[in-house]
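Next come the chains, spelled out residue by residue.
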Amino acid sequence: MPPVALPVRDASPLTNPLYGPNRLKLGVFGSNLGGGCSATLAERSPDATWAATREIAILADRAGIDALVPVARWKGFGGATNFNAASFETYTWAAGLAAETRRIAVFSTSHVPTMHPIVAAKQATTIDHISGGRFALNVVCGWYEPEFAMFGRPMLDHETRYEHAAEWIEIVRRLWTSEEEFDYDGRFFRIDKGIQQPRPLQKPHPPIMNAGRSGTGNRFAAKYADMVFTSFWETGDAGARAQVAALRRLARDEFGRDIQVWTTGFVLCRPTEKEARADLHRVVDEQGDWQAIDNLIRQQRIDAPDAPPEIQQARRRRLMTGWGGYPLVGTPEQITEELTRMSNDGLDGVVVSWIDYRNELPQFADEVLPLLEQAGVRSRSTRRTD
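What you see is a predicted model; the values in this text were computed from it and never measured.

Peer 1: Before we go on, may I ask you to explain a negative patch on the surface in this structure?
Peer 2: The grouping of Glu 179, Glu 180, Glu 181, Asp 183 and Asp 185 at the surface amounts to a negative patch. The class of Asp 183 is exposed, set by a relative accessible area of 51%.

Below, the structure written as structure tokens:
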């Protein structure tokens, strides 16, 4: 049998929908996790099977959603669900889905301390070629100490983690872009005659994403990332708009860079707001895995004993649904209004999760995406019609 002829794909920036026509980019968050991003005993999907995660990816690709962003996880958080215990490793996950999809950007999320930059650069390049120039890399420093213990690695202090990550990214970028061998002699890495062939299809290199939460984290993200995650409690001048403006100003004034600013969201869409709120109460208050969330909070060290009880409870509730993503709860029209408001606040993208990806992602595609197109923040042209 003669070999199958494959189309030659141009690897210009236009191959990556992260730079496409949608004013508000949308991504699927955490579909590499068994049970997704919600710590609840309520029925969840996807399962931790390749068939389930592949199904979600193809649904998202056909709907015109812009990105698949996984959560890098090596160990669960205990509780009744052992939240996040079952997950797929994100480089191999991305490689598999890159071959199964046609348009959507496929991310790996890389824990810097568990992956040598030479290996990371080569794996990322391989996925970029598999995808035809649709790969992106989400870089995380890590904070879950039991995962570091699994690798036999000490937990670095907060500032040192970012110094380590800065060297890691510098090496990866040089491997992606350098035509000549180079030496690198840093505090954490020593490279003798480093080189990589082939280089990525995307020029100058695949985009990098990072979430900066602290002052140090924000500066790191503004300096090194092309897409920066932020979080907020409300939209408007006192919330999202201020956060977005501050990050853009930091990147521009301190480092002379233009960045995209993204956030995470949790979608619970129902025919009426009453039904959506009732379902949220069931999932969180009645069936939530509070033990897993308390374990998570202790590891993240974000518990604030001096905060009022209602503030502490609000933080726990947010973490239980979508890893703290901004709540998008209500009717298709209400969710559209909120996403449009977020876009008007200056956000470039939102990665979203659901309780039941398998059923709620198609509903989102059918009922919310057309309204976002009507609102002018999404383009119908990005949907697949085959």
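And the narrative resumes.
Peer 1: Would you explain the nonpolar core in this entry?
Peer 2: If you look at the biggest cluster of nonpolar residues, it comprises 109 residues, and the most contacted ones within it are Ile 65, Leu 68, Trp 168, Leu 339 and Phe 364. Ranked by residue count, the leading element in this core is helix H5 (residues 158–177), at 9 residues. Discounting chain neighbours no more than four positions away, the residues touching Ile 65 are Leu 26, Gly 27, Val 28, Ala 60, Arg 103, Ile 104, Leu 361, Leu 369 and Arg 378.

Peer 1: Which parts of the structure should I look at to understand a nonpolar patch on the surface?
Peer 2: A cluster of nonpolar side chains, contributed by Trp 74, Met 150 and Phe 151, occupies part of the molecular surface with about 290 Å² of accessible area. Mapped onto the elements, Trp 74 comes out in the loop between strand E2 (67–69) and helix H2 (90–100).

Peer 1: When you look at unusual backbone geometry in this model, what are you seeing that I'm missing?
Peer 2: Where the residue is not glycine, phi is negative for most of them; where a peptide bond is considered, it is trans in most cases. Cis geometry is found at the peptide bond from Gln 197 to Pro 198, where omega equals -5°. By secondary structure assignment, the location of Pro 198 is in the loop between strand E6 (190–194) and strand E7 (208–211). You will see that Lys 193, though not glycine, has its phi angle at about 55°, which is positive. Tracing the backbone shows Lys 193 in strand E6. Since its relative accessible area comes to 56%, Lys 193 is described here as exposed. With a phi angle near 55°, Trp 323 is a residue other than glycine that sits in the positive phi range. When you line up the elements, Trp 323 lands in the loop between helix H10 (309–320) and strand E10 (326–330).

Peer 1: Looking at this structure, how should I read helix H11 (residues 332–344)?
Peer 2: Residues that lie three or four places apart on an α-helix share one face, since the helix turns once every 3.6 residues. Between the first and last C-alpha of H11 there are 18 Å, a value that for 13 residues agrees with the 18 Å anticipated at 1.5 Å per step. Listed as buried for H11 are Pro 332, Ile 335, Thr 336, Glu 338, Leu 339, Thr 340, Met 342 and Ser 343. For H11, the secondary structure elements touched by its buried residues are strand E9 (260–269), E10, strand E11 (349–353), helix H12 (357–367) and helix H13 (369–374).

Peer 1: Explain the pairing of E10 to me, please; I cannot follow it from the model alone.
Peer 2: A regular strand carries its side chains on alternate faces of the sheet. Summarising burial for E10: 4 of the 5 residues are buried, a large majority. Strand direction decides the pairing type here: E9 and E10, joined by 5 bridges, are parallel. When the bridges of E10 are listed, Val 267 appears paired with Leu 328.

Conventions and cut-offs
Residues numbered from 1 in each chain as written. Predicted model: local features only at pLDDT ≥ 70, side-chain atom pairs only at ≥ 80, totals over all residues. Heavy atoms only, no water. Patch = residues over 30% accessible without salt bridge, like charges linked within 9 Å, V, L, I, M, F, W, Y side chains within 5 Å. Areas by Shrake-Rupley, 256 points an atom, 1.4 Å probe, with all protein chains shown as cover. Salt bridge = Lys/Arg side-chain N within 4 Å of Asp/Glu carboxyl O. Lys, Arg positive; Asp, Glu negative; His and termini not counted. Charge placed at Lys NZ, Arg CZ, Asp CG, Glu CD. Buried < 20%, exposed > 50% of the residue type's maximum accessible area, 1.4 Å probe, protein only. Core = buried A, V, L, I, M, F, W, Y, C linked by side-chain atoms within 4.5 Å. Helix = DSSP H or I, 4+ residues; strand = E, 2+ residues; numbered from the N terminus. Contact = heavy atoms within 4.5 Å. Expected span 1.5 Å × (residues − 1). Pairing = 2+ DSSP bridges.

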